[in-house]
Amino acid sequence: GTLCISSQAGCSLDCSFCSTAQHGFVRNLTSDEIISQIWLVRNNIFSHEDDKNVSNIVFMGMGEPLANFNHLVDVLDLLLDDSAYGFSKRRVTVSTSGLAPRIKQLSNLVDVSLAVSLHAPNNELRNVLVPINKRYPIEELLEACRFFLKHKKRKSTITFEYVMLDKVNDTVALAKELSALLRDFPCKINLIPFNDFPNSQYQCSSTQQIDLFSKILHDAGIVTTVRKSRGTDIAAACGQLAGHKGAIKISEH
């Protein structure tokens, strides 16, 4: 029952392993366009299936949620309001590539779960994979995450997302560096097998290498999970979301 929704049409952050970034940025989605994704699934797709419903919302679709901040907060307020959608704080997750100032701002406005697209344990590699790191390096990002947790009224953790790229960020040395970086941080790590897309420069790590990487983190005392990819058959899995020319025209106005 987890629904992955988008906050923008396209994305401007240019993460090198993401198909959305290769197609550029069109515009922010409005609050009603964001909430309509949830409304559509709950009232159309699941309306005739008694055993199915939307139990969790994750802002992990197309776009950077914190770059569409005001509309995001409006939607989060609706999702958590008992007179509207009434979701639990633990069942709504905002994923960000690392806009550190916005993470702090969000913590002062709404209580939801936070996921951070980390993908590398050091600035040199992360600058290549997630270029926003050049503006907000890992040290500043982790400080913002600690601020976010400090301002919660409940015990919580940060989920760090880590896409597995063959011979790029999946080595034993990097796993040990990542475990050292996050050993004392209240977090869990979600390893994401890379989903291929046309003209991509990367390949997915082998199952054996993902298992080894996961074991190193687990042995360091860090809760680690491996995401099961869904939607690859229609190019809708994590990192694959992108428009196709001639399919749907999204107005820029």
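Before any of the text, the structure's been laid out above.
Residues numbered from 1 in each chain as written. Predicted model: local features only at pLDDT ≥ 70, side-chain atom pairs only at ≥ 80, totals over all residues. Heavy atoms only, no water.

## A few points about the packing of helix 3 (residues 69-80) against helix 4 (residues 100-107)
Quick note on the threshold: To define axes, lines are fitted to C-alpha atoms, for helices over the stretch in contact only, and angles between the resulting N-to-C directions are given on a 0 to 180 degree scale. In DSSP terms, a helix is any run of H or I states spanning at least four residues, a strand is any run of E spanning at least two, and both are numbered starting from the N terminus. With respect to orientation, any angle under 35 degrees is reported as roughly parallel, any angle over 145 as roughly antiparallel, any angle of 65 to 115 as roughly perpendicular, and every other angle as oblique. Crossings are sorted by hand: turned counterclockwise from the far helix by less than a right angle, the near helix makes the crossing left-handed, and turned clockwise it makes it right-handed. Note on definitions: a residue-residue contact is assigned when non-hydrogen atoms from the two residues lie within 4.5 Å.
In the contact formed by helix 3 and helix 4, the axes pass within 12 Å of each other and the chain directions differ by 30 degrees. The angle between the axes of helix 3 and helix 4 places the two elements in the roughly parallel class. Judged by the sense of rotation from one axis to the other, the crossing of helix 3 with helix 4 is right-handed. Contacts between helix 3 and helix 4 involve Phe69, Val73 and Leu76 from the former and Arg102, Gln105 and Leu106 from the latter.

## What to know about the side chain of Asn56
Worth spelling out the cut-off: Contacts described as polar in this section are N or O atom pairs within 3.5 Å, which, within protein, must combine one atom able to donate a hydrogen with one able to accept it, while residues neighboring in sequence count only if both atoms come from side chains.
In this structure, Asn56 sits in strand 4 (residues 56-59). A polar contact is formed between the side chain of Asn56 and the side chain of Arg91, at a distance of 3.0 Å. Filtering out sequence-adjacent residues up to four positions away, Asn56 remains in contact with Gly1, Thr2, Leu3, Phe87 and Arg91.

## A few points about the pairing of strand 5 (residues 92-96)
Cut-off, in case you're wondering: Categorising residues by exposure relies on relative accessible area from a 1.4 Å probe, with only protein chains included: less than 20% of the type maximum marks a residue as buried, more than 50% marks it as exposed, and the intermediate range marks it as partly exposed. By the convention used here, strands pair only if DSSP detects at least 2 bridges between them.
In terms of residue burial, strand 5 counts as a mostly covered element, since five of its five residues are buried. Going residue by residue along strand 5, you find Val92, Val94 and Thr96 tucked away on one face and Thr93 and Ser95 tucked away on the opposite face as well. Note that strand 4 and strand 5 share three bridges and pair parallel. If you follow Phe59 over to strand 5, its bridge partner there is Val94.

## Things to note about the environment of Leu182
Within the element layout of this structure, Leu182 appears in helix 7 (residues 172-182). Residue classification places Leu182 among the buried positions, given a relative accessible area of 0%. If near-sequence neighbours (up to four positions away) are discounted, Leu182 is found in contact with Leu118, Leu142, Phe160, Cys187, Ile189 and Ile222.

## Regarding the sheet that holds strand 7 (residues 158-164)
Strand order in this open sheet of seven strands is 1-4-5-6-7-8-9, and the pairing throughout is parallel. Here the strands that pair on one side only, and so sit at the sheet edges, are strand 1 (2-4) and strand 9 (223-226). Taking the axes of each pair of neighbouring strands and ignoring which way they run, one obtains an average angle of 25 degrees across the sheet. Two strands pair when backbone bridges link them, and strand 1 and strand 4 are joined in this way by three bridges, in the parallel orientation. What sits directly across from Cys4, in strand 4, is Val58.

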